[in-house]
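The residues making up each chain are set out below.
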Amino acid sequence: MAEIIDGKAISAQIKEECKAKVEKEKLNRCLAVVLVGDDPASAVYVGNKKKACEFCGVKSVSHELPASTTEEELLKLVDDLNRDDSVDGILVQLPLPVHIDEDKVIKAISPDKDVDGFHPENVGRLSIGQPGYLSCTPAGIIQLLKRSNVDMDGKNCVVIGRSNIVGKPMALLMLRENATVTVCHSHTKDLKEVCKRADILIVAIGKPKMIDASYVKDGAVVIDVGIHRMENGKLCGDVDFDSVEPVASKITPVPGGVGPMTIAMLMHNVVYGNGADKAMPYVVI
């Protein structure tokens, strides 16, 4: 029986730390959240981010724009927020309507306010080991591992998926923790054999329940980044939990594993800044 890595509990711990820092140092942090259109899932995410801000003592300013908003109008708002000294972080909720170039919008956000960690400059800082904002989901996974007493130093880590948001930054962060990292993707040959060598298996492949016990070495730590809604309405991940849980030593559930960490690390980015302050326990910069 694997130990369940409780993302809800660890994310609550991090938010408590952020709240304590804000109160102790009397910080005045402000997050500007921009939502374009009426995507229901995006609206839920934005609502959860507002609640987290309120809990941590961070001011939240919401800009909710119609789907008809032009790219030019959105870029103008981003520029205004860049220039606003009262705003510490800018988050443009993705996905954006199809007529707006997401890449252009991400690049328009000041790297020093890019609390999502998506700007090419922050990605570049990560790749060469300089302080900068980290992508929230991979940073959250590092916290899950460290706060669950998983030793990464020298361990074989396999990351399945090479997206800019999870797979690539995840691999770089594991390298920073001195793991030996293999990145797998749709062109990887003998995927099962590669995965079975992993001491730590991080799955961000986007296919429900694809990874079963036949991919997992006995005693491996398994982190499931995926989330999907099944026909019966229940949520599942990229890992077949029932199959893998008896084989793994530690595993994240879906829901309640990686998911809660993303907002917790967003709060960390807003409260602690882009890496100059290393006071956070288990800081990942």
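In short, a report on the structure.

Definitions and cut-offs
- Residues numbered from 1 in each chain as written.
- Predicted model: local features only at pLDDT ≥ 70, side-chain atom pairs only at ≥ 80, totals over all residues.
- Heavy atoms only, no water.
- Buried < 20%, exposed > 50% of the residue type's maximum accessible area, 1.4 Å probe, protein only.
- Helix = DSSP H or I, 4+ residues; strand = E, 2+ residues; numbered from the N terminus.
- Pairing = 2+ DSSP bridges.
- Disulfide = S-S within 2.5 Å.
- Right-handed = clockwise from strand over helix to strand, strands pointing away.
- Axes fitted to C-alpha atoms, helices over the stretch in contact; angles between N-to-C directions.
- Contact = heavy atoms within 4.5 Å.
- Parallel < 35°, antiparallel > 145°, perpendicular 65-115°, else oblique.
- Left-handed = near helix turned anticlockwise from the far one by under 90°.
- Nonpolar A, V, L, I, M, F, W, Y, C, P; charged D, E, K, R; others polar.
- Expected span 1.5 Å × (residues − 1).
- Salt bridge = Lys/Arg side-chain N within 4 Å of Asp/Glu carboxyl O.

Focus on the pairing of strand β8 (residues 221–224)
Part 1 of the reasoning: Judged by which residues are buried, β8 turns out to be covered on both faces: V221 and I223 on one side and V222 and D224 on the other are all buried.
Part 2 of the reasoning: Here strand β7 (residues 200–203) pairs with β8 via 4 bridges, running parallel. Each residue of the ladder has a partner; that of L201, found in β8, is V222.
Part 3 of the reasoning: Note: β8 against strand β11 (residues 250–251), 2 bridges, orientation parallel. Among the inter-strand pairings, V222 is bridged to a residue of β11, identified as I251.

Some words on the state of the cysteines
Part 1 of the reasoning: Applying the stated criterion across every chain yields a total of 0 disulfides.
Part 2 of the reasoning: Free of any disulfide, C30 has its nearest cysteine sulfur in C53, 8.4 Å distant.
Part 3 of the reasoning: The thiol sulfur of C236 is not disulfide-bonded, and the nearest other cysteine sulfur, from C195, lies at 18 Å.

Structural notes on the pairing of strand β6 (residues 180–184)
Part 1 of the reasoning: Pairing between strand β5 (residues 156–160) and β6: 5 bridges, direction parallel. Residue V159 lies in a different strand from β6, and its bridge partner there is V183.
Part 2 of the reasoning: Viewed along the sheet, the connection from β5 through helix α7 (residues 167–176) into β6 turns out right-handed.

A word on the sheet that holds strand β4 (residues 89–92)
Sheet strands associate in pairs through backbone hydrogen bonding, adopting either a parallel or an antiparallel arrangement.
Part 1 of the reasoning: Strand order in the open sheet formed by 3 strands is β3-β2-β4, with parallel pairing between adjacent strands. At either end of the open sheet lies a strand with only one pairing partner, and these are β3 (59–65) and β4. Taken over all neighbouring pairs, the strand axes of this sheet differ in orientation by 15 degrees on average, direction set aside.
Part 2 of the reasoning: Judged from the 7 bridges that link them, strand β2 (residues 30–36) and β3 form a sheet pairing that is parallel. Bridge pairing links A32 to V61 in β3.
Part 3 of the reasoning: Against the sheet, helix α2 (residues 40–56) engages β2, β3 and β4, with an angle of about 170 degrees to β2.
Part 4 of the reasoning: Packed on one face of the sheet, helix α3 (residues 71–83) meets β2, β3 and β4 and runs near 180 degrees to β2.

As for the packing of helix α1 (residues 7–25) against helix α10 (residues 259–272)
Part 1 of the reasoning: Packing of α1 against α10 leaves a shortest axis separation of 9 Å and a crossing angle of 15 degrees. The angle between α1 and α10 places the two elements in the roughly parallel class. Helix-helix and strand crossings are classified by hand; for α1 and α10 the assignment is left-handed. Counted together, G7, K8, I10, S11, I14, K15, E17, C18, K21 and V22 of α1 and P260, M261, A264, M265, M267, H268, V271 and Y272 of α10 form the full contact between these two elements.
Part 2 of the reasoning: Looking at side-chain class alone, the contact of α1 with α10 contains 11 nonpolar, 3 polar and 4 charged residues.

Describing helix α6 (residues 136–147)
Part 1 of the reasoning: End to end, α6 covers 16 Å across 12 residues, agreeing with the expected 16 Å (1.5 Å per residue, within 8%).
Part 2 of the reasoning: Among the 12 residues in α6, 12 count as buried, and that is most of the element.
Part 3 of the reasoning: Inspection of α6 places C136, T137, P138, A139, G140, I141, I142, Q143, L144, L145, K146 and R147 among the buried residues, and these make up the whole buried set.
Part 4 of the reasoning: Of the surrounding secondary structure, the elements contacted by the buried residues of α6 are α1, α7, β7, β8 and α10.
Part 5 of the reasoning: Looking one or two places after α6, you find N149, whose phi comes out positive at around 60 degrees.

Points about the pattern of salt bridges
Part 1 of the reasoning: One pass over the structure, following the stated rule, counts 12 salt bridges.
Part 2 of the reasoning: The salt bridge involving K104 is made with E71; its shortest N-O contact spans 3.0 Å. You can see K104 sitting in helix α4 (residues 102–108) and its partner E71 sitting in helix α3, a full 33 residues away along the chain.
Part 3 of the reasoning: Accessibility expressed as a relative area gives 18% for E71, which makes it buried.
Part 4 of the reasoning: Between D199 and K217 there is a salt bridge whose closest N-O contact spans 2.6 Å.

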